[in-house]
Amino acid sequence: MAATMLRRPEEPAPMHDAALPDDAVRLEVPLQAPAARRAGAGLDGLHVETLDHHDRLTAMREGRLGSVHSWELVTAVDGPGTRLTTFLSGCPLHCLYCHNPDTLAMKDGKPVTSDELLARIGRYVGVFRATGGGITLSGGEVLMQPAFAARILRGAKELGIHTALDTSGYLGQNATDAMLDDTDLVLLDVKSGDPATYRRVTGRDLEPTLRFGRRLADRPDGPEIWIRYVLVPDLTDDAASIDRVAEYAAELNTRRAGAVSRVEVLPFHQMGRDKWDAVGRSYELADTPAPSPELTERVRAQFRAYGLTTY
């Protein structure tokens, strides 16, 4: 499907807070909704001055300022309808197959105020309503910046916009109950069902992710959950490990009927490979092929065998 060009509204007046640094930047990207993921639109053309360290930390702790890598309008991924997906900088995981390694360090993002991001989000209310879309906060790891995320989610809900968090769940303890009240959908990335494989893939423990998913499912009016599973040949394709993830997803549905509304099996790709070189990181999966259609279908069939709607 061809990109849909949207009319640019009149530019709103700048929104400033005297307590914030002058270089908390505005967001500027071409207004278009591609049919699938494209490269992040970034925050091109923005000049950022040197920030006072103390003022920046204070504003970030209060959620008035966030470290943002990029944002884009996108369809077919990151939730239903047309999404305004914002990528925050900073992540505690170091996934071997990460396709956004340029979002791992929070210091590499640009300072953006919550007011300015919400002003940008407000422009697309009509688009979201027409397409059943909304906003998705991604990363990096969005829960590295919980106060900023909470302000964006609260502001979006006040505008009547559908909200989604794309997270590994590793920092699930950072998500307050109030934040989850403002979240309609959680895209929960479960990297493996085997703790040893999870640690090899991410450098971290599996249990915090599992604990966060159970917390979501135990909320009577909790958010919808989409389980995401990245399929990497010779890394995350072990049948027994995949069965553990499927059992876990099915368990969440016993805690709250329909909590997990879908599972997405995402075939590994090499589209982020060049970024690893650009940020000076060693990429271990350079010779790893994409999974075959037969392998991908086998894995999807494993999830479906547990009664899970799977794509």
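Here's a quick rundown of the structure. Since this is a predicted model, take the numbers as computed values, not measurements. (Residues numbered from 1 in each chain as written. Predicted model: local features only at pLDDT ≥ 70, side-chain atom pairs only at ≥ 80, totals over all residues. Heavy atoms only, no water.)

## Digging into the side chain of R64
Here is the rule we go by: Per the convention used, a helix needs a DSSP run of H or I reaching at least four residues, while a strand needs a run of E reaching at least two, with both numbered from the N terminus. Think of it in three bands: residues with accessible area under 20% of the maximum for their type are buried, residues over 50% are exposed, and the middle band is partly exposed, with areas taken using a 1.4 Å probe on protein chains only. As used in this structure description, the phrase polar contact means that two N or O atoms lie within 3.5 Å; if the pair is within protein, one of them must be able to donate a hydrogen and the other to accept it, and residues adjacent in sequence are counted only when both atoms belong to side chains.
Here R64 lies in the loop between α1 (53-61) and β3 (65-74). Relative accessible area serves as the criterion here: at 13%, R64 is assigned to the buried category. In terms of polar contacts, R64 uses its side chain to reach the side chain of E62, at 2.6 Å.

## Comments concerning unusual backbone geometry
For the bond from G139 to G140, the omega torsion is 20°, close enough to zero to count as cis. Looking at where G140 falls in the secondary structure, it is placed in the loop between β6 (134-138) and α4 (146-158). A positive phi angle, close to 70°, is found at D78, a residue other than glycine. Here D78 is to be found in the loop between β3 and β4 (83-88). Even without a glycine there, the phi angle at D234 is positive, about 65°. Tracing the chain through its elements places D234 in the loop between β9 (224-231) and α8 (239-255). The exposure class assigned to D234 is exposed, which follows from its relative accessible area of 74%.

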